[in-house]
Amino acid sequence: MVAIIKALQVILALSILILIHELGHFMWAKLFGIRVDKFFLFFDIGGRKLFSTKGKWFTRICPKAAGWETEYGIGWLPLGGYCKINGMIDESLDTETMKQDPQPWEFRTKPAWQRLIVMFGGVLNNFIFAILAYIAILAIWGTGYLRNEGNAIYTNALGQEMGFRNGDRILDMDGYVPENFFMLQADLARRDVGVVHVLRDGDTVSIVIDHSMIGEVLNSPDLFDLAVPFTIDSVMAGSPNQAAGLMRGDIIARLDSVETPFVQDSRKYLALVRGDTVTATVLRGADSLAVRMAVDSTGRLGVFLRSPEYTTRTYSLAEAVPAGIKRTFSAIGDYLQDLRLVASPSTGAYESVGSFIAIGQVFPEKWDWFRFMNIMALLSIMLAVMNLLPIPGLDGGHIVFTLYEMVTGRKPSERFLVVAQLVGMLLLLMLMILAFGNDIRRFL
């Protein structure tokens, strides 16, 4: 059931973003009097379609659709969508139209500046959507994050190998002082950090970062988990430890002979003694108490822990507008840093590239509008930036060719455009194979 919920969220999110993107091309093409032959969600490879306004049953319901200039539809291959603009060499590689005499409604007969805007329209729509999404998020939910200051990390095996220790408090990364605890891992990868200073047992320790491990950093979940002190907030109603005498603020320092400075240190041991009892060493002020506690069948003690303090802020609509714009540009900058890492083979960051499978893992197991909107905004930025890459077959490739024409006054030949389109499609296919391969490798 969880897989179905995640899959539905991925399909819905990507469908909306693809339609928004292609609508950008469609709107500007129509505005400049360019004919649009097809507007499709998903690809209708081999002419197979799930829905088409030119289909027999639809034209029976809506006879006027037979005379519409544009065919609207849904293809069977859910790997994107497209807007087929008349007189343009695109992924359809329709060269028959190009052999005929140019017509005033064709893309190729329009001024270069108009063609440039048509090509940029999809990317522009995605950026605008991200801004609007972030404005809505800030106006409705505001912001909330865990401050890095005062909180300690609980690291995994990779972090231990890099030199970090459980309980370290990260002070700065090459002089940069992180603010958001849950962005520490991303900051470490994106900022090309050389030295991290941490507070350990009252002393400042310098950790030199091995850049060859950045690829592993990107693929290592919980590199910097929050080290949660084993501090009692309250005892659950119905817990077998209700009569144990625990009080708010008590700290469980040890379970039998196992030291538990942080909650994470207790999990393996509690799993081993589930259904049994343990002797907990409890610190209460200056006193140390031995408390006998029951462990339930799931390996839990039935207590609530003191929650970390989150920093929150609410926004009025007037405040959310500039803040949403700022957040969008910040996300664009972060994603460009991610692409820089992926493009550097020495970092191994290319191993973090994922397909729809990886995207699906990001979505929550239950419907959550806040998380859904945040993921949508980020995916919209990713779609826009990826489409700006100067690869033939993407909007960025068409934009580069058009800019070349505007600067030199010479239009690339149709033969060159066809070859470039084929090369671009081959590159995109290789990228897709890499993404799916990484997902399969991670799964195995």
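Look up a bit, the structure's there.
Residues numbered from 1 in each chain as written. Predicted model: local features only at pLDDT ≥ 70, side-chain atom pairs only at ≥ 80, totals over all residues. Heavy atoms only, no water.

Undergrad: An account of the pattern of salt bridges is requested, with residue identities and associated values reported.
TA: Pairing between side chains of opposite charge can happen when their charged atoms approach one another. Within this structure, the stated rule accounts for 14 salt bridges. One salt bridge in this structure joins Lys30 and Glu69, with 2.7 Å as the shortest N-O distance. Here the residue Lys30 occupies a position in helix α1 (residues 2–31), and Glu69 occupies one in the loop between α2 (56–61) and β3 (71–75), the gap between them amounting to 39 residues. Lys30 sits in the partly exposed class, given a relative accessible area of 34%. For Glu71, the salt bridge goes to Lys49, with nearest N and O atoms at 2.8 Å. With Glu71 in strand β3 and Lys49 in strand β2 (residues 49–52), this pair connects stretches of sequence that are 22 residues apart. Classification of Lys49 by relative accessible area gives partly exposed; the value is 36%. The network of salt bridges with common partners includes Lys30, Arg35 and Glu69. (Salt bridge = Lys/Arg side-chain N within 4 Å of Asp/Glu carboxyl O. Helix = DSSP H or I, 4+ residues; strand = E, 2+ residues; numbered from the N terminus. Buried < 20%, exposed > 50% of the residue type's maximum accessible area, 1.4 Å probe, protein only.)

Undergrad: An account of the sheet that holds strand β9 (residues 203–208) is needed here, citing residue identities and associated values.
TA: Read from one edge of the open sheet, three strands run β7-β8-β9, paired in antiparallel fashion. Unpaired on one side and paired on the other, β7 (169–173) and β9 mark the two borders of the sheet. Averaged over all neighbouring strand pairs, the angle between strand axes comes to 30 degrees, with direction disregarded. In terms of strand pairing, β7 meets strand β8 (residues 195–200) through four bridges, oriented antiparallel. The residue bridging Ile170 from the neighbouring strand is Val198, located in β8. (Pairing = 2+ DSSP bridges. Axes fitted to C-alpha atoms, helices over the stretch in contact; angles between N-to-C directions.)

Undergrad: Give a detailed account of the side chain of Lys38, specifying residues and quantitative values.
TA: Residue placement: Lys38 occurs in strand β1 (residues 36–43). In contact with Lys38, not counting residues within four places along its chain, are Asp44, Lys49, Thr70, Glu71, Tyr82, Cys83 and Lys84. (Contact = heavy atoms within 4.5 Å.)

Undergrad: How would you sum up the sheet that holds strand β14 (residues 277–284)? Please name residues and give values.
TA: Strand order in the open sheet made by the four strands is β13-β12-β14-β15, with antiparallel pairing throughout. Strands at the two margins of the open sheet, each flanked by one partner only, are β13 (258–259) and β15 (287–294). Note that strand β12 (residues 251–255) and β13 share two bridges and pair antiparallel. Within β13, the position partnered with Leu255 by the bridge is Val258.

Undergrad: Give me the environment of Leu403: which residues, what numbers.
TA: Summarising the element assignment, Leu403 is placed in helix α12 (residues 395–408). Residue classification places Leu403 among the partly exposed residues on the basis of a relative accessible area of 40%. In this structure the C-alpha to C-alpha distance between Leu403 and Ala133, which are 270 residues apart in sequence, comes to 31 Å.

Undergrad: Could you give an account of the nonpolar core, with specific residues and numbers?
TA: One finds Phe363, Leu379, Ile381 and Val385 to be the most contacted residues of the largest nonpolar core, which totals 27 residues. Counting only elements with at least two residues in this core, the list comes to α1, α4 (112–140), α9 (317–342) and α11 (369–387). At nine residues, α11 tops the list of elements feeding residues into this core. Core analysis: the second largest hydrophobic core is formed by 23 residues, Leu184, Ile214, Phe224 and Leu226 among them. (Core = buried A, V, L, I, M, F, W, Y, C linked by side-chain atoms within 4.5 Å.)

Undergrad: Explain the packing of aromatic side chains to me, and be specific about the residues and the numbers.
TA: The full count for this structure, using the stated rule, is 19 aromatic pairs. Centroid distance Phe51 to Trp57: 5.9 Å. Interplanar angle 55 degrees. Geometry classified as tilted. A centroid spacing of 5.1 Å and a plane angle of 80 degrees characterise the contact between Trp367 and Trp369, whose relative ring orientation is edge-to-face. Over the face of the ring belonging to Trp105 we find Arg35, whose NZ or CZ atom lies 4.3 Å from the ring centre. Here the basic side chain of Lys38 rests over the ring of Phe40, its NZ or CZ set 5.0 Å away from the ring centre. (Phe/Tyr/Trp six-rings, centres within 6.5 Å; stacked < 30°, edge-to-face > 60°. Lys NZ or Arg CZ within 6 Å of the ring centre and 35° of its normal.)

Undergrad: Before we move on, could you go through the side chain of Thr231 and cite the residues and values that matter?
TA: When you line up the elements, Thr231 lands in the loop between β10 (225–226) and β11 (232–235). Here Thr231 is in contact with Gly249, Asp250, Ile251, Phe304, Leu305 and Arg306, once residues within four sequence places are set aside.

Undergrad: Please give an account of the state of the cysteines that cites residues and values.
TA: Counted according to the given criterion, the structure contains zero disulfides. Looking at the unpaired Cys62, the closest cysteine sulfur is the one in Cys83, lying at 20 Å. Assessed through its relative accessible area of 22%, Cys62 is described here as partly exposed. (Disulfide = S-S within 2.5 Å.)

Undergrad: Go over the environment of His211, please, and point to the residues and values.
TA: Along the chain, His211 falls in the loop between β9 and α7 (214–218). C-alpha of His211 to C-alpha of Leu388: the two residues are 177 residues apart in sequence and 28 Å apart in space. A distance of 3.3 Å separates a polar atom in the side chain of His211 from a polar atom in the side chain of Asp192. (Polar contact = N/O pair within 3.5 Å; in protein donor to acceptor, adjacent residues only side chain to side chain.)

Undergrad: Which residues make up the packing of α4 against α9, and what values go with them?
TA: Axes are the key here: two packed helices are described by the angle between their axes and the distance separating the axes. Relative to each other, α4 and α9 sit at 130 degrees, their axes nearing to 8 Å. As judged from the angle between their axes, α4 and α9 are oblique. Remark: the crossing between α4 and α9 carries right-handed chirality. Facing α4, whose interface residues are Phe127, Ala130, Ile131, Tyr134, Ile135, Leu138 and Ala139, α9 presents Leu317, Ala320, Val321, Ala323, Gly324, Ile325, Arg327, Thr328, Ala331 and Ile332. Residues of the contact of α4 with α9, tallied by class, amount to 14 nonpolar, two polar and one charged. (Parallel < 35°, antiparallel > 145°, perpendicular 65-115°, else oblique. Left-handed = near helix turned anticlockwise from the far one by under 90°. Nonpolar A, V, L, I, M, F, W, Y, C, P; charged D, E, K, R; others polar.)

Undergrad: Provide a residue-level description of the packing of α9 against α11, including the pertinent values.
TA: Running from amino to carboxyl end, α9 crosses α11 at an angle of 55 degrees, the nearest separation of the two axes being 10 Å. When the interaxial angle is binned, α9 and α11 end up oblique. Every pair of crossing elements has a handedness; the one defined by α9 and α11 is right-handed. Mapping the contact onto sequence places Arg327, Thr328, Ala331, Ile332, Tyr335, Leu336 and Leu339 in α9 and Asn374, Ile381, Met382, Val385 and Met386 in α11. Its residues assigned to classes, the contact of α9 with α11 comprises nine nonpolar, two polar and one charged.

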